[in-house]
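Breakdown of the fold
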Amino acid sequence: MAIDSVPCMSAEIEAGVPPAAALFHSLSDETRLRIVQYLATGEARVVDLTERLGLAQSTVSKHLACLRDCGLVNSRAEGRQSFYSLTRPELMDLLIAAEGVLTATGHAVAVCPTDATVETP
């Protein structure tokens, strides 16, 4: 899925997606997840992230914009540079808990092979 087609959390919530589902959707992209994990160590510039992740500047910038629009990261300007950081340190608690679930399940959690959406009456 192209980054341009991924709405931010607030747009999903306005469209009726439950907030928890919107949060997990915003973290469902591997690149965004890696950015969040890197930012857990402290502030970073786009150039720091491109070097660390081995990705193009435009790719990192688009993912940062998505995370910023979702309210998960913010930026502060210093001269001509922008420094990105996590807005909520609790996000790392969530990711640590997810690692615990993956460890407990033997990393057996996988993407559902079919649309498992079940409508309730």
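Placed above this text is the structure.
Keep in mind it's a predicted model, so treat the numbers as computed, not measured.

Here we come to the nonpolar core. With 20 residues, the main nonpolar core has Ile-35, Val-36, Leu-39, Leu-49, Leu-64 and Leu-86 as its most contacted residues. For this core, the secondary-structure elements that each account for two or more residues are α3 (30–39), α4 (46–53), α5 (57–69), β2 (81–86) and α6 (90–104). Take this core: its biggest share by element is 4 residues, from α5. Leave out the neighbours within four places in its chain, and Leu-39 touches Ala-44, Leu-64, Val-73, Tyr-84, Ser-85 and Leu-86.

Disulfide: a covalent bond connecting the sulfur atoms of a pair of cysteines. In total, this model carries 0 disulfides according to the counting rule given. A disulfide-free cysteine, Cys-66 has its sulfur positioned 4.1 Å from the sulfur of Cys-70, the nearest such atom. Given the relative accessible area of 7%, Cys-66 is considered buried. Exposure remark for Cys-70: the relative accessible area of 7% places this residue in the buried category.

Next up on the list: the pairing of strand β1 (residues 73–78). Where β1 and β2 come together, 6 bridges link them in antiparallel fashion. Bridge assignment links Glu-78 to a residue of β2, and that residue is Gln-81. In this structure, the hairpin formed by β1 and β2 is closed by a connection of 2 residues, where Gly-79 is found at a positive phi of approximately 65 degrees.

Conventions used here
- Residues numbered from 1 in each chain as written.
- Predicted model: local features only at pLDDT ≥ 70, side-chain atom pairs only at ≥ 80, totals over all residues.
- Heavy atoms only, no water.
- Core = buried A, V, L, I, M, F, W, Y, C linked by side-chain atoms within 4.5 Å.
- Buried < 20%, exposed > 50% of the residue type's maximum accessible area, 1.4 Å probe, protein only.
- Helix = DSSP H or I, 4+ residues; strand = E, 2+ residues; numbered from the N terminus.
- Contact = heavy atoms within 4.5 Å.
- Disulfide = S-S within 2.5 Å.
- Pairing = 2+ DSSP bridges.

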